[in-house]
Amino acid sequence: MRSIKISVRNLVEFILRSGDITTSSGLRDPNAMLEGTRIHKKLQKKMGAAYHAEVSLDHTSQIHKEGIDFEICVEGRADGIFEKDGITYIDEIKGIYRDLSSMEQPVPVHRAQALCYAYIYACDQSLDSIGVRMTYCHIPTEEVRYFEEQITFEELSEWYEQLLDSYAKWMCWQIQWQTKRNDSLHTLEFPFPYREGQSDLVKGVYQSILRKKRLYIEAPTGVGKTIATVFPGVKAMGEGLVDKLFYLTAKTITRTVAEDTFSLLAENNAFLKYITLTAKSKICILEKPNCHPAFCPRAKGHFDRINDAVFDILTHEDFISRSTLCEYAEKHMVCPFEMGLDTAIWCDAIIGDYNYAFDPDSHLKRFFGNETSDDYLFLVDEAHNLVDRARAMYSASLVKEDFLALKKSVKMVSKKLTAALETANRGFLDLKRQCDSILKCTPSTLDALYGKLLRLSSVMDEFLQDDSLPERHISEEIMDKILDLYFLIRAFLNIYELIDQNYLLYCDYNESGQFCVHLQCMIPADNLDAYLAKGRAAIFFSATFLPIRYYREQLAGREEDYAIYAPSPFPISNRLLMIGRGVSTKYTARSAAMYQRIAQYILTFCSCKQGNYMVFFPSYRMMEEIHLQLLDLLEHDEKLAAAMQDIDILVQQNSMTEEDREDFLEHFQNDVDHSVVGLCVLGGIFSEGIDLKEEQLIGAVIVGTGLPMVCNENELYREFFDQKSSTAQLGFAYAYQYPGMNKVLQAAGRVIRTTNDRGAILLLDDRFLQSSYQQLFPREWFPHQVVTQESLTNHLSDFWDS
C-alpha cells in the first residue's frame, strides 16, 4: 500500500489557506524566523518542569477513495503539552509583529495546526476531550496573549476527517496520474536515430542519475543535448529514480527548446505534466506588480480560490505554458504568478530560470525551503552562464545614500523607523571615513553595521506588518521605497550569514560617487552545493565549457563527479575558421589606423559571397568607431564598394526592446538578394541564444578576445585568484580570459546550427595566435587557417567554391 507523509503545517496551510494576498504575505524574513524561534524557547522555558516542549507526534490514517487504497501519515512537533485543571492542553506558539490588541481570534491556520496535534494526541492517549491554547507573542515587546478552548474528541474527529478527505482528493489524483505517467514512460523510445556520440551522452546522463552524480558535458551545437538530457531524465522518472525534473536556463529561447522537447516526447505517447515558470514582472496583470487587494483585484480572496484553480488546470492540461496559466488564472480570478508556483508542486517537470533552484531569495521554497533532500534532477542548460549568475545570487550590496533618502521620506510617517534608519546610516558613515577609494574588510569590520541592519530589519518588519498601516494612507511611492530597501537589507543579512573563505568584503564608491558596501561571492561552488544536495543528480551542459576544470571548480564539481565531451556531428568541411594577422584590440593599440584595418578585413570577408553576416565587437564604442570606418571605406574605396554594391549594415542599439530585437533578426532571411551585415556586441543579446539556420547566417567576424572591462570588481577577482594559487596569471585567466573566450565561442557558435549549414568565421586579434588562447579552442576548431588581408580572399573563394 502506498504511504504518503505530510507535515501538520503543510497540510493545514495547503487545505485551509484563505483570504487575500497582501504586501506582507511574502515577508518571511529568516532573521524574523530566528527571532520567532528565540521567543518559542524563552516561553517554553518559562512554563516549568510540567510543560513538555517540542513533542513529536504522528498519526497514520487508512484511506479508501475513488477505488484507491493508500495511507496518509501526518507528522509534526507540538510546541508544548501541559495539564491545567485536569485537562490536557496542546500549546501552539507564534511570534508575530502585528498588534496583539487587534486580534479578536486566533489565525485559522494556526488554530488548525493546534487542532491536528490535539487530534493525534487524543488518539494516542484515548482522551474524550482536549484543550487547545494559542499563544501569541509580540516579538518587539514580548507581550503575550492567549486564546484557549476545549473540544470533544467527537468534534475533533469529524473536523480532522474532513480535513484529511480534502487532502485525499489531491492524493487520489496524483496516484492515478503517476501510474499513468510511469506506464507511458516504460515504453518510451528515443524519438530519433542517434547522432554520433549522442547515445554515449544519453547513457552518461542516465548513469549519473543512477549513481547520484553531477555530470559536466561540453556538447557543441547540433549534438542534440536537450533531448539527450531530458530523455534519460524522464526514463529515470518512470523507473522511480527521479521525482521532479528541473530544466534550468538563463535564456528565454532555451526554455522554448525545452518546451519543444517535452512536447516531442508527449507526441511520442509520454504522459508528462510540465510547466514553464515566468517572472512576476512579466506575468503580472498590472503594469507594475503591487500585491495588495487595494491595487490588484486578483489579490482579494486569492487564497479562497487558488486550490480550485490549480486542480482545474491539472485535470485539464499537460503542458502549462505562460498563456495557459494566464487563461486559468483569469477564469478563477487569481494571481497567475502565485498560481504558477502552486501548480509546479504537482508537475513532473519545471522549466525556468536558474534562480528558481539556486537563488537564496527567490528559490522555490515549496521544494528547497527545508533541510531535506529529494529525488530531484537538475538539468542546467547553457551552464557557462551560471558562474556569473551564481556569483551575483550569493552576493549583496548596500548603498549608504539609499538609507539617508528613505530617512527623509519617512520622517513624518514613523519616528521609530526614522531613528533606526539614522542609526544604520551612522554605521555606514563609520566605514566611509576609513575608505578613500577601496576598503577591503573582514567580518569583524562589518559586525557593527550588521547589528544596526539587523535592528532596522526588525523595525521594518514590525512597521510592514502593522494592522493599522492601511489606515495611515501612506503614498504608494513611499511604500515602494520602504519595500525596496527592506528587501535589499534582508538579502544583505542573509548573504552575511554565508560569508566564508570564498567571499571578499569591501567598500567603494560607485559611478555616482555613492558609498557602497559589498559582500562579494568569488567562488559560488559551496553555495550551489547546498542547493544541489537537495536533489539526486545534476547535469550541467553547454556548447562552451572550456576549460572544463574551471567550470567544475566554480559549479560545485566533486572529486567523484566527471565530465564528458560530445563530438560535433557537423562535417569539418562545412566550416572555415580563420585568424587574421596584424590586428590588435588592446587599449594601447586602438587607433584610427587599426580601426580602418579591421574595417577592411570585415568588408573583404563579407564581399566574397552575398549573404548574411554578423560582426561582434568588444564594446559599443569600438563598434561605433568601426561602423564609421566601414561607411567611409564604402564611400571612398572603389574596389570594396564595387564588391559590396548592395549591402545593408545594421547596428545593435543599447537597451533594445524585445520588438527591436525581433525587427533586427527579421533582416536575416534564407532567401537574400543582397548582403546584410549586423554589427553586434560580444556577450550581448545577439551573440548567444539566437538560432539562425542555413542561409540566415553564413559568416561571423569576431573582433577582439572579449575580455571584460577593467574595473574594481574584476581587478578584485584577479587579485583574489592570484592569491589563492601559485599558478602564474591564474587571476587574469579567471577574471578576464576565460569569461572573454566564452563570449567568443558563443558568438562563433551562431554560424553552424544544422548539418546543412556552411559558414566562415574570422577571428581578429593577434592574441588568438597565442598558445594560452589556442588551448581554449574546442576540438572542432582544429585545423584552422592564419590569414592576412591579402590571402583572406583566396581562402574564402576556395571554401565557397568547394
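The model shown is predicted, which means the values in this text are computed figures rather than measured ones.

### A look at the overall build of the chain
- The number of helices and strands found in the chain is 28 helices and 25 strands.
- Seen through its principal axes, the chain has C-alpha atoms that stretch 105 × 70 × 50 Å.
- Out of the 802 residues in the chain, the part that is buried amounts to 54%.
- The long-range share in the chain, meaning contacts at least 24 apart out of those at least 6 apart in sequence, stands at 79%.
- Working note: accessible area of the chain is about 35100 Å², and carbon and sulfur atoms make up 47% of it.

### What about the packing of helix H6 (residues 225–238) against helix H7 (residues 252–267)?
- Taken N-terminus to C-terminus, the directions of H6 and H7 make an angle of 50°; their axes are 10 Å apart at the nearest point. It follows from the interaxial angle that H6 and H7 lie oblique. The handedness of the crossing between H6 and H7 comes out as right-handed. Across the interface between the two elements, Thr226, Ile227, Val230, Phe231 and Val234 from H6 touch Val257, Ala258, Thr261, Phe262, Leu264 and Leu265 from H7.

### Re the pairing of strand E2 (residues 52–65)
- Strand direction decides the pairing type here: E2 and strand E3 (residues 68–84), joined by 13 bridges, are antiparallel. In the strand pairing of E3, Ile63 is matched with Phe70.
- The turn linking E2 back onto E3 is made up of 2 residues, and Glu66 within it adopts a positive phi angle of 55°.

### Here we look at the sheet that holds strand E13 (residues 396–399)
- Strand order in the open sheet made by the 4 strands is E13-E16-E15-E14, with antiparallel pairing throughout. Each edge of the sheet is formed by a strand with only one pairing partner; in this case those strands are E13 and strand E14 (438–441). The sheet shows a mean angle of 15° between the axes of neighbouring strands, taken without regard to direction.
- As paired elements, strand E15 (residues 503–509) and strand E16 (residues 515–521) share 7 bridges and run antiparallel to each other. When the sheet's bridge partners are listed, Asp508 is paired in E16 with Cys516.
- Helix H15 (residues 400–409) rests against E13 and E16 of the sheet, and its axis sits at about 50° to E13.

### So, a negative patch on the surface
- Residues Glu659, Asp660, Glu662, Asp663 and Glu666 make up a contiguous surface patch of negative charge.
- Among the structural elements, Glu659 can be located in helix H24 (residues 658–666).

### A short note on the pattern of salt bridges
- By the definition in use, this model includes 34 salt bridges.
- Here Glu658 makes a salt bridge to Arg661, at a shortest N to O gap of 3.7 Å. Placement of the pair is Glu658 and Arg661 together in helix H24, with a separation of 3 residues, close to one helical turn.
- Assessed through its relative accessible area of 52%, Glu658 is described here as exposed.
- Linked by salt bridges that have partners in common, Arg38, Lys42 and Glu142 make up one network.

### A few points about the nonpolar core
- Core analysis: the biggest nonpolar cluster contains 191 residues, and Phe358, Phe378 and Met614 have the highest contact counts within it.
- Take this core: its biggest share by element is 12 residues, from helix H4 (residues 153–186).
- Every residue in contact with Met614, bar those within four places of it in the chain, is listed here: Phe664, Leu665, Phe668, Gly678, Cys680, Phe686, Ile690, Leu692, Leu697, Gly699, Ala700 and Val701.
- Counting 38 residues, the second largest nonpolar core, distinct from the first, contains Tyr595, Tyr613, Leu630 and Met644.

### What to know about the packing of helix H16 (residues 415–432) against helix H17 (residues 443–464)
- One can describe the packing of H16 onto H17 by two numbers: an axis separation of 9 Å at closest approach and a directional angle of 165°. The angle between H16 and H17 falls in the class roughly antiparallel. In the packing of H16 onto H17, the handedness of the crossing is left-handed. Residue-level contacts link Lys416, Leu417, Ala420, Leu421, Thr423, Ala424, Gly427, Phe428 and Leu431 of H16 to Thr445, Leu446, Leu449, Lys452, Leu453, Arg455, Leu456, Val459, Met460, Glu462 and Phe463 of H17.
- In the contact of H16 with H17, the residues fall into 13 nonpolar, 3 polar and 4 charged.

Each value, and the rule that gives it
- Within any chain, residue numbers begin from 1 and follow the written order of that chain's sequence.
- Given that this is a predicted model, residues contribute local features only at a pLDDT of at least 70 and side-chain atom pairs are listed and counted only at 80 or more, while totals for whole chains, interfaces and linings are drawn from all residues.
- Computation of side-chain values covers all heavy atoms of the structure but excludes hydrogens and water.
- In this text, helices come from DSSP runs of H or I with a minimum length of four residues, and strands from runs of E with a minimum of two, each type numbered from the N-terminal end.
- Per-residue accessibility, obtained with a 1.4 Å probe over protein chains only, is compared with the maximum for each type, and a residue is labelled buried under 20%, exposed over 50%, and partly exposed between these values.
- The contact definition used throughout considers only heavy atoms, calling two residues in contact when any of these lie within 4.5 Å.
- Note that accessible areas follow from Shrake-Rupley with a 1.4 Å probe, and for residues the cover is restricted to the protein chains shown.
- To obtain an axis, a line is fitted to C-alpha atoms, over the contacting stretch when the element is a helix, and the angle between two such axes runs from 0 to 180 degrees between their N-to-C directions.
- These descriptions rest on fixed angle ranges, namely under 35 degrees for roughly parallel, over 145 for roughly antiparallel, 65 to 115 for roughly perpendicular, and the rest for oblique.
- Should the near helix be turned counterclockwise from the far one by less than a right angle, the crossing is left-handed, whereas a clockwise turn marks it as right-handed.
- When DSSP finds two or more bridges between two strands, those strands count as paired.
- Surface patches are defined over residues having more than 30% relative accessible area and no salt bridge, joining like charges when they lie within 9 Å and nonpolar side chains (Val, Leu, Ile, Met, Phe, Trp, Tyr) when within 5 Å.
- Each reported salt bridge corresponds to a side-chain nitrogen of Lys or Arg within 4 Å of a carboxyl oxygen of Asp or Glu.
- As used throughout, the charge tally considers Lys and Arg to be positive and Asp and Glu to be negative, leaving His and the chain termini uncounted.
- For charged residues, the charge sits on one atom: NZ in Lys, CZ in Arg, CG in Asp, CD in Glu.
- Note on terminology: a nonpolar core comprises buried Ala, Val, Leu, Ile, Met, Phe, Trp, Tyr and Cys residues joined through side-chain atoms within 4.5 Å.
- Each residue gets one label: Ala, Val, Leu, Ile, Met, Phe, Trp, Tyr, Cys and Pro are nonpolar, Asp, Glu, Lys and Arg are charged, and the others, such as Gly, are polar.

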